[in-house]
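Structure at a glance
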Amino acid sequence: MSSHRSAASPPSGDLIAALDIGGTKIAGALVDRDGVLLHRARRATPAQESADALLGAVHEVVSALAAGPLWGAVRAVGIGSAGPIDLTRGTVSPVNIPAWRDFPLVESVARHPALAHRQVMLAGDAVAMAAAEHRHGAARGHKNALCLVVSTGVGAGLVLNGSVHHGLTGNAGHLGHISIDFDGEPCPCGAKGCLETIASGTAITRHALALGWQPPPTADAAAVAAAARAGEAAALAAFDRAARALAAGIAATAALIEIDIAVVGGGVAQSGEVFFEPLARHLRRYAAMPFLQDLRVVPAELGPDAGLVGAAVLASAGVPPATTVLVDGAR
C-alpha cells in the first residue's frame with residue numbers, strides 16, 4: 001500500500017499541481033517534494049462527449065485545486081495522460097477518449113487563468129507511474145526498471161541509467177503493444193497478438209468466460225480473481241495465461257535493456273498471489289539467460305496515487321523546452 005497519504009499541513013517548500021487524466025476519471029492534487037498529496041480534486045471523465053466538454057472537466061479540476069489556500073505555493077503543473085501522446089507537440093490521442101485525437105492538451109490546460117506563468121509538463125500515464133515508483137516506491141534504488149500498469153489495458157514506463165525514459169514522442173515502454181502471439185486476435189491498435197489482448201484485466205475476464213466461468217452480476221477481473229482464490233479452474237487458467245504472456249514481455253524487455261526489477265501496478269495487480277505467483281513462475285522460464293537470473297517482479301507500492309505523484313516528480317525535475325509551454329505561449 002502507498003505511504004503517500006493526503007495531508008492538510010502547510011508545505012515546507014514548493015508544490016506541484018498534478019493531473020492524472022484517464023478514461024474514467026480526471027484526478028488532481030497538490031503534491032509536495034516528498035510525494036505527499038496535500039489537496040485533491042476529482043471529476044468523472046466525460047469520455048464520450050465533445051473535446052470542449054472534456055477540457056471543461058479538466059479545467060474544473062484545476063479550478064478546484066486553485067481555490068485552496070495552498071495554491072500560491074504551486075510553481076509548475078504536471079500532467080499524466082492516457083495515450084498515445086506526442087511530447088513534441090503537447091498533444092494526446094487516448095484510445096479510450098474518442099474526442100481527443102491530436103488534442104493540444106498542454107496548450108489548452110495552460111490557458112486556464114490560474115496557471116499564469118507556470119510551466120505545464122506532459123507525460124504518458126505509465127511513464128508517470130514509473131517516475132513515481134522510481135522516486136518514492138518499489139523501484140527506489142534501481143537504475144534500470146520496468147514499471148507496468150495492468151488494468152483495462154497494459155501500459156509501461158522505463159527507467160534507464162537512473163532516469164525516466166520518455167522516448168522521442170513520449171511513448172517509450174509501450175509494452176502492451178508488442179506482439180507475442182503471431183496468430184493472436186486483432187488488437188484495437190491494428191496489430192495482432194498484442195500483449196494487451198492477453199494480459200489486461202479485460203482479456204482475463206474474456207478468457208475466463210470463454211473457458212466456462214460463471215460470473216456474478218459484475219464480470220470483471222476482480223471477480224475472476226475472487227473465483228481463482230476459490231479454486232475455480234477457469235479463473236485460475238485465465239490468470240495463468242495472462243501471467244505467462246506478461247512474463248514473456250517482461251523477460252524480452254529485460255533481455256533487451258537489462259532491467260533488474262519489474263514493478264507491476266494497476267487493478268489486476270490488486271489480485272494478489274493468484275496473479276503474482278504464476279507471473280514469477282513463468283518469468284523464471286522466460287528470463288533464462290544468466291544475466292537475467294536476478295530479475296525480480298514485485299507489486300507497485302503507490303497504488304492509484306502513482307499517476308499524480310509521478311506527474312509531480314517529472315514536473316519538479318523539469319523537462320526539455322519542446323515539451324512544455326507557458327500560458328503566454330512562449331516555449
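Predicted model, so just to flag it, every value in this text is computed and none were measured.

1. A few points about the nonpolar core
- Of all hydrophobic cores here, the largest spans 45 residues; its most connected members are Leu-148, Leu-246, Ile-250, Val-264 and Leu-279.
- When contributions to this core are tallied by element, the ones reaching two or more residues are strand E8 (145-150), strand E9 (154-160), helix H4 (196-199), helix H5 (201-210), helix H6 (221-229), helix H7 (233-257), strand E11 (261-265) and helix H8 (273-286).
- Here this core takes 12 residues from H7, the largest share from any one element.
- Among all residues touching Leu-148, those that are not within four sequence positions of it are Met-129, Val-154, Gly-155, Ala-156, Leu-175, Leu-246, Ile-250, Ala-262, Val-263, Val-264 and Gly-265.

2. Here we look at the side chain of Asp-20
- Of note, Asp-20 is situated in strand E1 (residues 15-21).
- Within polar-contact distance, the side chain of Asp-20 engages the side chain of Lys-25 at 3.4 Å.
- Residues contacting Asp-20, with those up to four places away along its chain left out, are Lys-25, Ile-26, Ala-27, Gly-80, Asp-125, Pro-304, Gly-307 and Leu-308.

3. Quick word on the sheet that holds E9
- Here we have 5 strands laid out as an open sheet, ordered E10-E9-E8-E11-E12, and mixed in their pairing. Of all the strands in the sheet, just strand E10 (163-165) and strand E12 (296-299) have a single pairing partner and so form its edges. Strand-to-strand twist in this sheet, taken as the mean axis angle between neighbours without regard to direction, amounts to 25°.
- The strands touched by H7 within the sheet are E8, E9, E11 and E12, with E8 carrying the most contacts at an inclination of about 155°.

4. With respect to the environment of Val-298
- Locating Val-298 in the fold gives a position in strand E12.
- Sequence separation between Val-298 and Thr-218 is 80 residues, and the spatial gap between their C-alpha atoms is 28 Å.
- Ignoring any residue separated from it by four or fewer positions in sequence, one finds Val-298 in contact with Ala-138, Ile-261, Ala-262, Val-263, Val-264 and Phe-276.

5. Overview of the packing of aromatic side chains
- Enumeration according to the criterion identifies 2 aromatic pairs in this entry.
- Measuring from centroid to centroid gives 4.7 Å for Trp-100 and Phe-103, while their planes differ by 10°, and the two rings are stacked.
- Where Phe-275 meets Phe-276, the ring centres are 5.1 Å apart and the plane angle is 75°; that geometry is what we call edge-to-face.
- Assessed through its relative accessible area of 8%, Phe-276 is described here as buried.
- The ring centre of Tyr-286 lies 5.4 Å from the NZ or CZ of Arg-285, which sits over that ring.

Basis of the calculations
Residues numbered from 1 in each chain as written. Predicted model: local features only at pLDDT ≥ 70, side-chain atom pairs only at ≥ 80, totals over all residues. Heavy atoms only, no water. Core = buried A, V, L, I, M, F, W, Y, C linked by side-chain atoms within 4.5 Å. Buried < 20%, exposed > 50% of the residue type's maximum accessible area, 1.4 Å probe, protein only. Helix = DSSP H or I, 4+ residues; strand = E, 2+ residues; numbered from the N terminus. Contact = heavy atoms within 4.5 Å. Polar contact = N/O pair within 3.5 Å; in protein donor to acceptor, adjacent residues only side chain to side chain. Pairing = 2+ DSSP bridges. Axes fitted to C-alpha atoms, helices over the stretch in contact; angles between N-to-C directions. Phe/Tyr/Trp six-rings, centres within 6.5 Å; stacked < 30°, edge-to-face > 60°. Lys NZ or Arg CZ within 6 Å of the ring centre and 35° of its normal.

Nothing here speaks to function; it is geometry throughout.
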